[in-house]
Amino acid sequence: MDSGEASAANAPAHDLQGAVGERIDGLTSWRVRFWAPIVLGLIMLGDSWDSIVIAYVVPSLKQEWGLDTIAIGAMISAGYAGQFVGSLLLGPLAEKFGRMPIFYVAITAMCMFTLGCALSHDPQLFLTLRFCAGFSLGGALPVCISYVNELAPTKTRGRYFSLFQFIMVSGYALVSITAPFIIPAHGWRTMFFIGAFPVLLIPLVMLTLPESPRWLARYGRVAKANRALAKLGAAAVDENLPIGGAEARRVPVLALFAPEYRVRTIVVSALWFFTSLVSFAFATWAPTLYTQVYHLPLEEGLRYTAIAGALYLFVPLAFAALIDIVGRRGPAIFVNSVALLALIALIAISQPQTLTVATLITTGWIAAAAGSVILWPYTAEIFPTQMRATGVGLSSSLARGASMLTPLVVAGTLAYGGSVRVVFAMLGVCSLIVILLWVFFTRETARKSLEETGGR
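What you see is a predicted model; the values in this text were computed from it and never measured.

*Asks:* Honestly, the nonpolar core in this entry has me stumped. Any pointers?
*Replies:* Generally speaking, soluble globular proteins have nonpolar side chains that are buried together. Membership of the largest hydrophobic core comes to 114 residues, with the highest contact counts inside it found for Leu40, Met44, Phe103, Ile107, Phe164 and Leu209. Considering every element that reaches this core, the biggest residue donor is helix H16 (residues 354–382), with 17 residues. In contact with Leu209, not counting residues within four places along its chain, are Arg31, Trp35, Ala36, Val39, Leu40, Tyr104, Tyr147, Lys231 and Leu232. Within the second largest apolar cluster, 23 residues are counted, among which are Ile52, Val53, Leu61 and Cys117.

*Asks:* What's the story with the pattern of salt bridges in this structure? I'm lost.
*Replies:* Side-chain pairs of opposite charge can arise where the charged atoms are in close proximity. For the structure on display, the rule yields 9 salt bridges. Of the charged contacts in the structure, one is a salt bridge between Glu95 and Arg99, with a shortest N-O distance of 2.7 Å. The class of Arg99 is buried, set by a relative accessible area of 0%. Note that Arg99 and Glu150 form a salt bridge whose closest N and O atoms lie 2.6 Å from each other. Residue Arg99 is found in helix H5 (residues 99–119), and its partner Glu150 is found in helix H6 (residues 123–151); the two are separated by 51 residues along the sequence.

*Asks:* Help me out: how do you make sense of the packing of aromatic side chains in this one?
*Replies:* The geometry of two aromatic rings is summed up by the distance between their centres and the angle between their planes. Scanning the entire structure with this criterion turns up 13 aromatic pairs. Pairwise contacts between aromatic rings join Trp65, Phe126, Trp188 and Phe192 into one cluster.

*Asks:* What should I look at first to understand a nonpolar patch on the surface in this one?
*Replies:* Judged by side-chain polarity, Leu432, Leu436, Val439, Phe440 and Phe441 come together as a nonpolar surface patch covering roughly 490 Å² of accessible area. Relative to the elements of secondary structure, Phe441 occurs in helix H18 (residues 420–441). Residue class for Phe441 comes out exposed when judged on its relative accessible area of 51%.

What counts, and at which threshold
Residues numbered from 1 in each chain as written. Predicted model: local features only at pLDDT ≥ 70, side-chain atom pairs only at ≥ 80, totals over all residues. Heavy atoms only, no water. Core = buried A, V, L, I, M, F, W, Y, C linked by side-chain atoms within 4.5 Å. Buried < 20%, exposed > 50% of the residue type's maximum accessible area, 1.4 Å probe, protein only. Helix = DSSP H or I, 4+ residues; strand = E, 2+ residues; numbered from the N terminus. Contact = heavy atoms within 4.5 Å. Salt bridge = Lys/Arg side-chain N within 4 Å of Asp/Glu carboxyl O. Phe/Tyr/Trp six-rings, centres within 6.5 Å; stacked < 30°, edge-to-face > 60°. Patch = residues over 30% accessible without salt bridge, like charges linked within 9 Å, V, L, I, M, F, W, Y side chains within 5 Å. Areas by Shrake-Rupley, 256 points an atom, 1.4 Å probe, with all protein chains shown as cover.

Here it is in structure tokens:
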């Protein structure tokens, strides 16, 4: 045991959950500090890969199966719809059965359904498999995020989560880089074969990472919590310590709206919905805006879109150096203010120049996406252990709901004769709502233990 662990082992604790938290904070082993966020980030890289790969294979699907516009829209929406449902339903199961069992099942199922997509020769079957893969992936994401936060040391939780998140979102860039080479040479099915790779990492996780010690402690499973701590390299806690907090309950989604949690649930739900609406609007409509509204050549529009996507990849790394020092609220207010200013500028310019438009859209996109980057760790921090996966699941579901609603809002406005300025104005209102929510209805969570920020 090193000095950090020895100090944690000797620190006083009033209850079991506090003692387990102290042990985790004292860990300095490579397995905890780097292996866990890296291997789990690689597995959840499948989320970003799956979210964008459909956009690159649609032209091939259209040619091979003769799909019309409605069918293509259904193909794109099926995965998001599955994630919307899975995020709501699988999070509560992780409160009852533990983080890792649900995570293993969900990731394995996702990979199997993804392989099914690669082997499918029927559009209806493909659409069904896309929904099922999305359902599994949508359920795995909040469970994994809860686990990562529960394993993170208090002082560096933001940096710890940002490492995981950087790897998790890199699928967007990887698909953008590899798809133009892989699909022409090996066909669209290869992209789905590659997308099933996370299942290969599950045995490594099972061998090296235990169930969440915090989750075990919350339900009074002292012996198992001590075995989990031992697997991570920490000393055992006193088995006679009280559990602490209210009596453990099996928490349904409705429990998030109990009086003691109602305000935080409503606030974080609104933050997720409006932040995602702005972020997805930029991400999904940037190429269309460049080519159809600002009349840029397709290649030029795609080039500007690719630049924004590449820059976004490094947002988690930038915040890794900040949010443990300056907190969550300040950076969140700043980036959403930048997004609002970019939208106001897009409304105000009367004779848009290409470079100006591209700069403003890229700035607004990255700033709005940065708001989502901060929301992930913040959401996991404000809910207690017994409902953390459920709270993150509800938030993730609302983000997917916004992704499905965005095409209707933007396309509907443009289709019925609305100016692009109307679209930017609506998105600006959303950004303003997000800023006001952060300013008036949130509290700082940096450098506080999960037991302090989430309650018990």
